[in-house]
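Residue-level structure breakdown
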Amino acid sequence: MNATQTAQSLSFEEIVRSRRAMRRFDQEANWDPKVIDKCLDLAIQAPNSSNMQLWQFIRITKAEAIQEMSRLCMGQGSAANAKEIIVFVARPDWWKKHAQFNISKIKAQESNPKKLKRALEYYEKYVPFFYNQDSMGILGFFKKILVNFMGIKKPMMREAGRTDIRISIHKSVALAAMTFMYALKGEGLDSCPLEGFDSKRVKKFLNLPSKAEINMVIPCGKGIPEGIYSPKNRIPLEEISQKL
Ligand SMILES: Cc1cc2nc3c(=O)[nH]c(=O)nc-3n(C[C@H](O)[C@H](O)[C@H](O)COP(=O)(O)O)c2cc1C
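Residues numbered from 1 in each chain as written. Predicted model: local features only at pLDDT ≥ 70, side-chain atom pairs only at ≥ 80, totals over all residues. Heavy atoms only, no water.

- By the naming in an unreviewed UniProt entry, the protein chain is Nitroreductase, taken from Persicobacter diffluens.
- Under the heading Sequence similarities (unreviewed entry), UniProt records this for the protein chain: "Belongs to the nitroreductase family." (UniProt positions renumbered as here; feature names shortened; annotations may be inferred.)

Here you go:
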């Protein structure tokens, strides 16, 4: 199975093993943008912290915008060649809205009073405790002191600072990005995750507010063999895996 082969119905293992960071895309291949709708719909099935779904996907579809994005991605070939570029964005600023989404779902779906109380408490008490952060990290600083103090006697989540929450949100966005790339591979298409970009300029170009953070920029298209720059080299599993 080669990495650019058209996939009809690949097994999950074939998808995982054949996905590669693709740096060149076929300019002649047909492109149906609907495939991106489908793959993004699969991306939002990804697990994410507290089901907060603090992700946003911005699709760059027009040729001039793709060229501008490629400039902002340090002129990387994968971006310049892409049929479409998807920007995966972390949106910590959406936490109240998304907590409210979960609260309304729970209220509509949960009939057991005990479970309802526990679930509501989670989104009305714990979620605000962790997600309500100020831009200076002052609130988070005091929250961290509090959880570390509470953690003296019993196990406690220590990640209550502003940076901790940013990391947590980025983890979830990256899982959506990964799900998206596998979904795309399942459609016989390719992608290249990028962190080589000027985040300040990309945010400005996309009109994003200061609190939004770019997680990954993903050029997509039909890969070509020249788009794979090296064999897939992985450190052997035995070296990086252990059993306790
Ligand atoms: C978070 C992240 C950032 C990356 N940034 C870039 C990038 O800016 N440019 C690039 O060509 N590849 C980038 N890559 C692709 C990696 O170089 C590639 O995944 C790695 O070398 C392994 O190769 P494979 O994906 O073909 O297995 C990035 C990958 C990840 C996960």
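Considerations on the overall build of the protein chain
- In terms of helices and strands, the protein chain carries ten helices and four strands.
- When the helices and strands of the protein chain are listed from N to C terminus, the series reads α-α-β-α-α-β-α-α-α-α-β-α-β-α.
- Counting only C-alpha atoms and orienting by the principal axes, one finds that the protein chain spans roughly 60 × 45 × 40 Å.
- Buried residues in the protein chain amount to 41% of all 244 residues.
- Counted over contacts in the protein chain with a minimum sequence separation of 6, partners at least 24 positions apart contribute 76%.
- By element, 55% of the accessible surface of the protein chain is carried by carbon and sulfur atoms, the whole surface being about 14,700 Å².
- Charge centroids of the protein chain, computed over 39 positive and 25 negative side chains, lie 8 Å from each other. (Helix = DSSP H or I, 4+ residues; strand = E, 2+ residues; numbered from the N terminus. Buried < 20%, exposed > 50% of the residue type's maximum accessible area, 1.4 Å probe, protein only. Contact = heavy atoms within 4.5 Å. Areas by Shrake-Rupley, 256 points an atom, 1.4 Å probe, with all protein chains shown as cover. Lys, Arg positive; Asp, Glu negative; His and termini not counted. Charge placed at Lys NZ, Arg CZ, Asp CG, Glu CD.)

Remarks on unusual backbone geometry
- Despite not being glycine, Ser-50 has its phi angle at roughly 55°, a positive value.
- Among the structural elements, Ser-50 can be located in the loop between helix H2 (34-43) and strand E1 (55-60).
- The phi dihedral of Asn-207 is positive, around 60°, even though this residue is not glycine.
- As for its placement among the helices and strands, Asn-207 is situated in the loop between helix H9 (199-205) and strand E4 (213-221).
- Here Asn-207 falls in the exposed class, since its relative accessible area comes to 71%.

A short note on the site of the ligand
- Arg-19, Arg-20, Ala-21, Arg-23, Gln-76, Cys-192, Pro-193, Leu-194, Glu-195, Gly-196, Lys-232 and Arg-234 make up every residue found near the ligand.
- At a separation of 2.9 Å, an oxygen atom of the ligand approaches a polar side-chain atom of Arg-19.
- Within the side chain of Arg-20, a nitrogen or oxygen atom sits 2.7 Å from an oxygen atom of the ligand.
- Tallied by class, the residues present in the shell around the ligand amount to four nonpolar, two polar and six charged. (Near = heavy atom within 4 Å. Polar contact = N/O pair within 3.5 Å; in protein donor to acceptor, adjacent residues only side chain to side chain. Nonpolar A, V, L, I, M, F, W, Y, C, P; charged D, E, K, R; others polar.)

Details of H2
- Within H2, burial applies to Val-35, Ile-36, Cys-39, Leu-40 and Ala-43. Down the axis of H2, the buried side of the element spans an arc of 130°, and every buried residue falls inside it.
- Contact partners of the buried residues in H2: E1, strand E2 (84-90), helix H8 (162-186) and E4. (Arc of directions from axis to C-beta.)

Side note on the side chain of Asn-48
- With respect to the helices, strands and loops of the structure, Asn-48 is situated in the loop between H2 and E1.
- For Asn-48, a relative accessible area of 15% gives the class buried.
- Not counting chain neighbours up to four residues away, the residues in contact with Asn-48 comprise Gln-53, Trp-55 and Ser-172.

A word on the side chain of Asp-164
- Mapped onto the elements of the fold, Asp-164 is located in helix H8.
- There is a polar contact of 3.2 Å between the side chain of Asp-164 and the backbone nitrogen of Ala-160.
- Among all residues touching Asp-164, those that are not within four sequence positions of it are Lys-144, Arg-158 and Glu-159.

Describing the sheet that holds strand E3 (residues 190-191)
- The four strands lie next to each other as E1-E2-E4-E3, forming an open sheet whose pairing is antiparallel. Strands with a single pairing partner mark the edges of an open sheet, and in this sheet they are E1 and E3.
- Where E1 and E2 come together, six bridges link them in antiparallel fashion. Residue pairing across strands places Ile-60 opposite Ile-85, the latter belonging to E2.
- Lying over the sheet, H2 contacts E1, E2 and E4, oriented at roughly 165° with respect to E1. (Pairing = 2+ DSSP bridges. Axes fitted to C-alpha atoms, helices over the stretch in contact; angles between N-to-C directions.)

Notes on the nonpolar core
- Counting 36 residues, the largest nonpolar core has Ile-36, Met-52, Phe-88, Tyr-131, Phe-180 and Ile-218 as the members making the most contacts within it.
- Elements with a contribution of two residues or more to this core: H2, E2, helix H5 (95-109), helix H6 (113-131), H8 and E4.
- The element best represented in this core is H8, accounting for nine residues.
- Two domains each provide a minimum of three residues to this core, namely domain 1 (12-93 + 165-229) and domain 2 (94-162).
- Discounting chain neighbours no more than four positions away, the residues touching Ile-36 are Trp-31, Arg-59, Glu-84, Ile-86, Phe-180, Leu-184 and Cys-220.
- Counting residues in each nonpolar core, the second largest holds 22 residues, with Ile-66, Ala-82, Val-202 and Ala-212 among its members. (Core = buried A, V, L, I, M, F, W, Y, C linked by side-chain atoms within 4.5 Å. Domains from an automatic or database assignment.)

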